[in-house]
Structures are given as C-alpha cells and as structure tokens.
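Here are the chains, one letter per residue:
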Amino acid sequence: SKYEGDWRDKYNKAREYLSNQIGDKKAEEELLECADEYVIDKVTDKVIKEKERDVIELKKDEIPKDEKEKGRGLFGGLYDSGAYVVETIKSAFTFNKNKIDDHEKAEALIIVEESATPEKCEEIVSNQKDDGSIELGDTVCNELDVPKEEIITTIHKNIKNNKLKSPELISTAVNLSYLKKAAPKHESLWKDKYNKARDYLSKQIGDANAEKELLDCADNYVIENCTKKVITDKKKNAVVAVQDSTTPEKCNDAVSHQKDDGSFEISDTVCKEIDVPVADVVPTAKKYTQNKKLKSPDSEPWWKTALTLSYLKVAAPHHKKLWEDKEKKAREYLSEQIGDAVAEKELLDCADKYVVDNVTKKVEKDHKKDKAITIVQDAASPDKCQEIVSKQKDDGSIELDDSVCK
C-alpha cells in the first residue's frame, strides 16, 4: 500500500474489468472481500513460520527455563492445578476442545519447540532397543499430558490398517513424531537414533504407504496434544490470576443482581472481569451453542444466570460461602425454566467455556499491554521529553508534538 502511486492506475483498470465482467456490485464486493481474507490469512501464516524465532524472543519470559520451573505459567506466574482448578473449570478446558484457533495453535507449537530441552531428547532416545524400536517413556507422556496406555489406545482406534496396530510400532512412531515436531533444533542429538527407528518401522511394516499412514497419525496426535497442553496451561494460569484479584466486594456485587425468582442480571463487575460489554455478553455467548432452545429469545435470562454462576465458580471458589445459597436458588430457577437436563448442562458448559476463554483473553491482553508499556517507557528519551514540553504555551496548554503522534 505504501507504493500505491506505482500501481493505482493499473488497479483502477482492473476494478473496471471486474465491474464489467461481473455486473453485480454486491457479488464484486464479495469476491474482493474473499480475496482480501485469503491473502491476509496466507501472509499471516507465512510470517508466523518465517518469524517464529522473533516470536520466541518476544515470548522467552513465558517459556519454562528448565524442569525446576515446570509449573511456570505462560504469564510468568505459578499455578497448582490441584489447588486452584475446580471440576467446573476443568470441564470448561475440555469442552469443545478440538476447535482451537490455528494461530493460537501455531503460537503454542513455538512454545513447545522452545521447551524441548537436550535432556528431554536424550532421555527419549535412551529408551531405544537394539532392534531400533523406542519405548514410550515418561518424558513424551508428560509433554502430551496423556498416560502411555491412552496414547496407544487412541492411535490404535484411529488407524485402519491392522498391520500398524502393534504397541511397539505406535510407541516408536509417537517418539519419532515428538522429536521431529517438538525438538527440530536438537536434531543432531537424535538424528542417528531416528534413522535407526525409521529402519525398524520400514522392516516391520514393509509397506511405504502404511508406514506413512502411521507416521501421519502420530504427527497429528503429537501436535494436537502438545498444543492443547500449552493452551490449557495458559487458561489455568489466567484463572489463577483472576482468582487472586477477586475480592469479597466483587462477589457481593455479582450476587446482588439476583432476582426473587433466582435468576441473575449480569453485573458491571462480571462484564468488566470478562472484558465484554453488557449488551454483547448474551449474543456472543450464544455463539457457543447450536441448540435452538438455547438460542431462542426466551433464553436470555438463562444465559445471564448461567454466566454469573460460571463467573463465581471460576473467579471466586475461595469465597464460596458468599454465594453458595444464591447458586442453589439459581440452579433451581434454571431447572424449572428449561425443563430439559441435557440442555441445562449444555448451557452451563457453554457458559463455563465462555467465561474461561474471555478471562484468558483479558489476562493475556493485560499482560501484553504491560509489556508494551515497558517497551514504550524504555524508548522514551530525554530528547523526546524536551521536544514535547517545548511546545507548551504561556497559558499552560501544550500543542501535540510529532514525537507523541509517532
């Protein structure tokens, strides 16, 4: 766009061509919007791949330095999932868990790569047997956040070819996928062992297409579970940050909006904590479901009630004595109004996920804002300050200077 003068005439000619050929202004706009979206998506993906080292540098304070800091979260704090995360929040982390934004997953994968240490790689390849197969050890299972038996069982179900269902083949493939996807920068430490394991797979399977099927399945499983673990850790840590900042006053404000029938109005406190305007809360939360009953206009008070309950459960479990009676009355209201246990559970699950997602976005936004302010402060020089105040007039007012505008 900064070279527009060089191409504007050609652009106008091309726009005339489109108008003449299409003959429908709305269709033309649709085509251009689709093209814009496609180009932006592809450019973004390209930059993410090419600039991932820069991203790592920017995010290095969010990445665990060693195993001693295993509990270190993505925002620099510590969390203890057993102590802080109630069952409701755990279900929110797993609800609709397969729909993770691609860019969020790309960022998570960068963090996975940076946290793969030489020690982890050496521990993995130390499990290689004489025949080339590699046992699944604690390192990979911990990184995937899944027990060994579940890893093998899940991939076993996803593979159609019976000759690929051996636990030894699956274990070897998963180890290779982890090394390739999570530890490419340490390739020199595992390349020879990797090649020996690939030879083992080739001899055992004897079919290049079947071998590729197994490795592709293992790749997908490793990427999905590694990135889910990072994203889940980020959500857990964000919840802890919100819990630490939740006061009895905030709880009292939220529950003070309960009506006589047990339903809740959404309070300004709740909206502020999830960083969503009051008018937008219910419409955006409804996007989390396809249930017609929960999308109907009659469902608005149900959503307000469910979202208030979710906020209290997520942000204030340590103040439960202040709201547990209110929760009981609200649940009775929902049961009576909805009259469908399955729909009621879906409403509460959606509300939990909506609150956790928005709390995470807010904490991350605040964190990035704090980092940006620090960068701005570091870049502010005495010369810039002098230039700004030099624009002060006799009456005390100050003209906007180029330094501030830049």
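Here is what the cut-offs are and how they apply
- Residues numbered from 1 in each chain as written.
- Predicted model: local features only at pLDDT ≥ 70, side-chain atom pairs only at ≥ 80, totals over all residues.
- Heavy atoms only, no water.
- Helix = DSSP H or I, 4+ residues; strand = E, 2+ residues; numbered from the N terminus.
- Buried < 20%, exposed > 50% of the residue type's maximum accessible area, 1.4 Å probe, protein only.
- Contact = heavy atoms within 4.5 Å.
- Areas by Shrake-Rupley, 256 points an atom, 1.4 Å probe, with all protein chains shown as cover.
- Salt bridge = Lys/Arg side-chain N within 4 Å of Asp/Glu carboxyl O.
- Core = buried A, V, L, I, M, F, W, Y, C linked by side-chain atoms within 4.5 Å.
- Axes fitted to C-alpha atoms, helices over the stretch in contact; angles between N-to-C directions.
- Parallel < 35°, antiparallel > 145°, perpendicular 65-115°, else oblique.
- Left-handed = near helix turned anticlockwise from the far one by under 90°.
- Nonpolar A, V, L, I, M, F, W, Y, C, P; charged D, E, K, R; others polar.

Under an unreviewed UniProt entry, the protein chain has the name Serine/threonine protein kinase and belongs to Gigaspora margarita.

Asker: For the overall build of the protein chain, give the residues involved together with the corresponding values.
Answerer: From N to C terminus, the protein chain includes 21 helices and 0 strands. For the protein chain, the residues scored as buried account for 40% of the 406 residues in total. Restricting to contacts in the protein chain with at least 6 residues of sequence separation, those with at least 24 account for 70%. Accessible area for the protein chain stands at about 23700 Å²; split by element, carbon and sulfur atoms hold 50% of it.

Asker: Tell me about the pattern of salt bridges, and name the residues and values.
Answerer: Tallying each qualifying case throughout the model produces 26 salt bridges. Two residues, Glu187 and Lys191, come together in a salt bridge whose shortest N-O distance is 3.3 Å. Of this pair, Glu187 and Lys191 are both found in helix α11 (residues 187-205), 4 residues apart, which corresponds to roughly one turn of the helix. Judged by relative accessible area, which is 33%, Glu187 ranks as partly exposed. Judged by relative accessible area, Lys191 falls into the partly exposed class, the value being 32%.

Asker: Quick rundown of the nonpolar core? Include the residues and the values.
Answerer: Residues Leu144, Ile151, Ile155, Val174, Tyr178, Leu201 and Leu214 are the most contacted members of the largest nonpolar core, which totals 43 residues. Of all the secondary-structure elements, those providing two or more residues to this core are α6 (102-115), α7 (118-125), α8 (138-144), α9 (148-158), α10 (167-182), α11 and α12 (208-245). Top element by residues in this core is α12. It accounts for 10 residues. If you look at the next biggest cluster of nonpolar residues, it comprises 41 residues, including Val239, Ala254, Leu294 and Val355.

Asker: Describe in detail the packing of helix α18 (residues 324-338) against helix α19 (residues 341-379), supporting the description with residues and values.
Answerer: Axes are the key here: two packed helices are described by the angle between their axes and the distance separating the axes. The N-to-C vectors of α18 and α19 enclose an angle of 130 degrees; their axes lie 9 Å apart at closest approach. By the angle class used here, α18 and α19 are oblique. Both α18 and α19 take part in a crossing whose hand is right-handed. Listed contacts from α19 to Arg331, Leu334, Ser335 and Ile338 of α18 are Ala343, Glu344, Leu347 and Leu348. When the residues that make up the contact of α18 with α19 are grouped by side-chain class, the tally is 5 nonpolar, 1 polar and 2 charged.

Asker: Explain unusual backbone geometry residue by residue, including any values.
Answerer: Even without a glycine there, the phi angle at Asp145 is positive, about 60 degrees. Relative to the elements of secondary structure, Asp145 occurs in the loop between α8 and α9. A positive phi angle, near 60 degrees, is found at Asp275, a position not held by glycine. Relative to the helices and strands, Asp275 resides in the loop between α14 (268-274) and α15 (278-285).

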